[in-house]
Amino acid sequence: MLLEPGKEHLPEFFRRHRVELVCSLPYYQADMVDRLRGAGVFQKSLEALRRLNELGYGREGSELVLNLMANPVGAYFPPPQAELEILFRRELGRRYGIRFHQLFTLINMPIGRFEEFLRRSNNYERYLNRLAGSFNPATVPSLMCRHLISVSWEGILYDCDFNQALNLPLGEELPRHIRDFDLKALQHRRIRLAEHCYGCTAGSGSSCAGSLEG
Ligand code: SF4
């Protein structure tokens, strides 16, 4: 996105405002990423990360935080976050000179393009059963939706980005737009749960800030 016409100013804007960045990079190998995201996406991602590194993002001791978000290229769970971070740091540094602070892992949510892929390959039920069978109650206190809300560009409020992607806004009894923000009402709200929520509670858990345990 940082390379799209009209968006070239964003890295410098982020630097000026000390914006903390979490950049999606499913894996450190081009063929895996391009298979998931489309031809050429890996090279574009590297170019964007290099630009951010040049501005000071991701360097050791830098206040300009650059974290990466990895997710498996298929219908399986990510390896332990700490182990994958070591691998990414070594390989991205050695092969491409890319630096970053932390790596977060994300379980693939059974929504959107990944859901289409699962249904096309007749794997949807199996994947969902696997997520549900790996339910870990210890992840529940840290779920994103219990501590954050998601705000669309139009100001509409959602429990999380996944619910936003699925167009599941907050319940009708709640403030549904940022202009009506009411902390008390939102703190005690009923969260809109559905099947995809098992993606957040499986194994070590999953969120926009990585695994929820360890
Ligand atoms: S997907 Fe479900 S469990 Fe996960 S953050 Fe959103 S509402 Fe909460």
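The written sequence of each chain sets the order in which its residues are numbered from 1. For this predicted model, a pLDDT threshold of at least 70 governs which residues receive local features, and a threshold of 80 or more governs which side-chain atom pairs are given and counted, while totals over whole chains, interfaces and linings are taken from all residues.

**Focus on the overall build of the protein**
Put simply, the rule is: Strands are runs of DSSP state E lasting at least 2 residues, helices are runs of H or I lasting at least 4, and numbering of each runs from the N terminus. For a compact globule the rule gives 2.2 Å times the number of residues to the power 0.38, and the radius of gyration it is set against comes from C-alpha atoms. By the convention adopted here, residues make contact when the C-beta atoms placed from their backbones lie within 7 Å.
When helices and strands are counted, the protein shows 9 helices and 5 strands. If you list the helices and strands of the protein from N to C, you get α-β-α-α-β-α-β-α-α-β-β-α-α-α. For 214 residues, the compact-globule formula gives about 17 Å, and the C-alpha radius of gyration of the protein, at 18 Å, lands near that figure. Principal axes of the C-alpha set define a box for the protein whose edges measure 50 × 40 × 35 Å. Across the protein, contacts joining residues at least 24 apart in sequence account for 57% of those joining residues at least 6 apart.

**Considering the site of the ligand**
As a reminder, the rule being used: Being near a molecule or strand means, for a residue, that its C-beta atom, positioned from the backbone, comes within 6 Å of it. When residue character is reported, Ala, Val, Leu, Ile, Met, Phe, Trp, Tyr, Cys and Pro are called nonpolar, Asp, Glu, Lys and Arg charged, and the others, Gly included, polar.
Looking at the ligand, the residues that line it are Leu143, Met144, Cys145, Asp159, Cys160, Phe162, Asn163, Ile191, Leu193, His196, Cys197 and Cys200. The residue inventory of the shell around the ligand, partitioned by class, reads 9 nonpolar, 2 polar and 1 charged.

**Topic: the domain arrangement of the protein**
Stated precisely, the cut-off is as follows: A domain assignment, automatic or from a database, supplies the domain bounds used here.
In terms of domain boundaries, the protein breaks down into domain 1 (10-105) and domain 2 (112-201). One C-alpha centre belongs to domain 1, the other to domain 2, and the line joining them spans 25 Å.

**Details of the sheet that holds strand β3 (residues 103-105)**
This is how the line gets drawn: Two strands qualify as a pair provided DSSP detects at least 2 bridges between them. To obtain each axis, a line is fitted to C-alpha atoms, and for helices this fit is confined to the stretch in contact; angles are then taken between N-to-C directions over 0 to 180 degrees.
The parallel open sheet is built from 3 strands, whose spatial order is β1-β2-β3. Every interior strand has two partners, whereas the edge strands, β1 (21-24) and β3, have only one. In this sheet, neighbouring strand axes are inclined to one another by 30° on average, regardless of whether the strands run parallel or antiparallel. Sheet topology note: the strand β2 (residues 66-70)/β3 ladder contains 3 bridges and is parallel. In the sheet register, alanine 70 faces β3, and the bridge partner there is threonine 105. Across the face of the sheet, helix α4 (residues 81-96) comes into contact with β2 and β3 while running at roughly 135° to β3.

**Concerning the nonpolar core**
So the rule is basically this: Each nonpolar core comprises buried Ala, Val, Leu, Ile, Met, Phe, Trp, Tyr and Cys residues, the members being joined through C-beta atoms within 7 Å. For every residue, the other C-beta atoms within 10 Å of its own C-beta are counted; 20 or more classify it as buried, 12 or fewer as exposed, and values in between as partly exposed. C-beta atoms are placed from the backbone.
In terms of nonpolar packing, the biggest core is built from 32 residues, with Leu68, Ala70, Phe88 and Leu103 touching the most fellow members. Counting residues domain by domain, this core receives three or more from each of domain 1 (10-105) and domain 2 (112-201). Ignoring any residue separated from it by four or fewer positions in sequence, one finds phenylalanine 88 in contact with Tyr28, Leu68, Ala70 and Leu103.

**Quick look at the environment of asparagine 129**
Mapping asparagine 129 onto the fold places it in helix α6 (residues 124-133). What makes asparagine 129 exposed here is the crowd of 11 C-beta atoms within 10 Å. The spacing of asparagine 129 and tyrosine 198 is 69 residues in sequence and 9.2 Å in space, taken between C-alpha atoms.

**So, unusual backbone geometry**
Backbone geometry places arginine 18, a non-glycine residue, at a positive phi of 50°. Note that arginine 18 resides in the loop between α1 (10-16) and β1. For arginine 18, a count of 9 C-beta atoms within 10 Å puts it in the exposed group. The backbone of asparagine 167 shows a phi angle near 55°, a positive value even though the residue is not glycine. Along the polypeptide, asparagine 167 turns up in the loop between α7 (161-165) and α8 (183-187).

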